[in-house]
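Each chain, letter by letter, is given below.
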Amino acid sequence: MSKLENAVPGYKHLIVEPYTPNIGALIHDLDLAKIQDEAVRAELRKALGEYQVLFFRRQQLTPEQQIDVARVFGDPDKTKAFFPRHDSVQSIELIETKPVGHRYGTDQWHADITFSANPPTGTVLYSHIIPAAGGDTLWSSGTAVYDSLPRALQLYLEELEAVHSFEHSGWPNYFAQLENGEEIYRKARADNLPVVHPVVQTHPVTGKKIVYVNPNFTDRIKGLSRQQSDALLTFLFAQFLRPEFQARLRWEANTVAIWDNRATVHYATADYGNQHRLLHRVTFGEDRAF
Ligand code: SIN
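Presented here is an overview of the structure given in this document.

Parameters at a glance
Residues numbered from 1 in each chain as written. Predicted model: local features only at pLDDT ≥ 70, side-chain atom pairs only at ≥ 80, totals over all residues. Heavy atoms only, no water. 1 Å grid on protein atoms, 1.4 Å probe; cavity = no way out; pocket = protein on both sides within 12 Å on 5 of 7 lines; lining within 4 Å. Points joined across faces, edges and corners; volume = space filled by probe spheres on them. Nonpolar A, V, L, I, M, F, W, Y, C, P; charged D, E, K, R; others polar. Helix = DSSP H or I, 4+ residues; strand = E, 2+ residues; numbered from the N terminus. Salt bridge = Lys/Arg side-chain N within 4 Å of Asp/Glu carboxyl O. Buried < 20%, exposed > 50% of the residue type's maximum accessible area, 1.4 Å probe, protein only. Pairing = 2+ DSSP bridges. Axes fitted to C-alpha atoms, helices over the stretch in contact; angles between N-to-C directions. Near = heavy atom within 4 Å. Polar contact = N/O pair within 3.5 Å; in protein donor to acceptor, adjacent residues only side chain to side chain. Sits in = over half its atoms within 2 Å of the grid points.

As a volume, the largest pocket reaches approximately 230 Å³. Residue lining of the largest pocket: Phe82, Tyr174, Phe175, Leu178, Glu183, Ile184, Lys187, Ala188, Asp191 and Asn192, and that is the complete set. Residue composition of the lining of the largest pocket, grouped by class: six nonpolar, one polar and three charged. The space that makes up the second largest pocket amounts to roughly 170 Å³. At three residues, helix α2 (residues 38-51) tops the list of elements feeding residues into the lining of the second largest pocket.

Rendered as structure tokens:
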């Protein structure tokens, strides 16, 4: 079947092909460097709400054009993580693994920067150098997880709050690999005290309920003992592992992935040994994520 036969109705300006039944869509034949038309931009926002992660092949974007793409969805200068920044365009973070050198902890399920009080609402990731095989990224849907749970458990989870902290993640290990890591770590701790988020969030655009925890940054559930909290979080984290709720992207150079950081978690597979992998990342946000 051709991509046109697979395209869903309801879009006048985009060719949208679902990637899996529960999450993800491929957007065909769109040059992201040329999306000035507000009708196209509105359909991109609609598709992101509907599919949670969008993939675009064969893109050629300058750093400034990538920022412009992020602006379709939000403010590219909101919360940032600790990644190195692009030399001339500071809103771009460099996600780079070199043959020799440090590793980031992105091979853990996470939503970006939930250790912040106001995490990004989404991310634009653009591939530059991709291993011949490996380095795929997977996304899993927090709305699919919520919908799969029994009603009584949904209601119980809706009463809970969880503590999120960067210290729970791979970031301290990354800092330890840096020459001035101790100093960076001290500053990161002072600037990023643990924060509390509801365990179930309501998406402000789609109105859907989301299980909003992730193993990288969610440390514990408030009001439960450590043992109870660990048991409940282990159960919830396991729900995100169901392949039915996931989309897995095999990157090629010049691919763009845009995801809804409120509704999904993601995982960058670290299976490519000492090969080079380089992507440019822009997170975008709003004054309040929820
Ligand atoms: C990220 O976690 O934002 C980066 C994902 C990736 O490198 O594929």
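Taken as a whole, this structure holds 19 salt bridges when the rule is applied. The salt bridge partner of Arg189 is Glu167, with a shortest N-O separation of 3.4 Å. Residue Arg189 is found in helix α7 (residues 181-191), and its partner Glu167 is found in the loop between β7 (161-164) and α6 (171-176); the two are separated by 22 residues along the sequence. In this structure Arg189 comes out as partly exposed when scored by relative accessible area, which is 44%. A network of salt bridges, in which partner residues are shared, links Asp219, Arg220, Arg226 and Asp230.

The subject of this paragraph is empty space enclosed by the protein. The rolling of a water-molecule-sized probe over the atoms marks out the regions of remaining empty space. A full pass over the atoms with the stated rule returns four cavities of 30 Å³ or more. Here the largest cavity defines a volume of roughly 130 Å³. Forming the boundary of the largest cavity are 15 residues, of which Phe83, Thr106, Trp171, Asn216 and Phe217 lie nearest the centre. Residues that form the lining of the largest cavity fall into these classes: eight nonpolar, five polar and two charged. Taken as a whole, the second largest cavity holds about 110 Å³ of empty space. Lining the second largest cavity we find Ile95, Thr106, His110, Asp112, Leu125, Thr137, Trp259, His266, Ala268, Arg277, Leu279 and Arg281. Looking at the lining of the second largest cavity, the elements that each hand over two or more residues are β14 (264-268) and β15 (277-284). With three residues, the top contributor of residues to the lining of the second largest cavity is β15. Counted by class, the lining of the second largest cavity contains five nonpolar, four polar and three charged residues.

Below, the discussion takes up the sheet that holds β14. Adjacent strands of a sheet form backbone hydrogen bonds with each other and so pair up, either parallel or antiparallel. Strand order across the open sheet formed by three strands is β12-β6-β14, with antiparallel pairing between neighbours. Single-partner strands in this sheet number two, and they are β12 (246-249) and β14. Within the sheet, the average angular offset between the axes of one strand and its neighbour, ignoring direction, is 20°. Examined bridge by bridge, strand β6 (residues 137-141) and β12 share four bridges and lie antiparallel to one another. Each residue of the ladder has a partner; that of Trp139, found in β12, is Ala247.

Attention now goes to the site of the ligand. Neighbouring the ligand are Ile95, Thr106, His110, Asp112, Leu125, Thr137, Trp259, His266, Ala268, Arg277 and Arg281. Contacts to the ligand include Asp112, whose side-chain N or O atom sits 3.4 Å from an oxygen atom. Contacts to the ligand include Arg277, whose side-chain N or O atom sits 2.8 Å from an oxygen atom. For the ligand, the cavity whose grid points lie within 2 Å of the majority of its atoms is the second largest cavity. Listed by contribution, the elements that provide at least two residues to the shell around the ligand are β14 and β15. Partitioned by chemical class, the residues of the shell around the ligand number four nonpolar, four polar and three charged.

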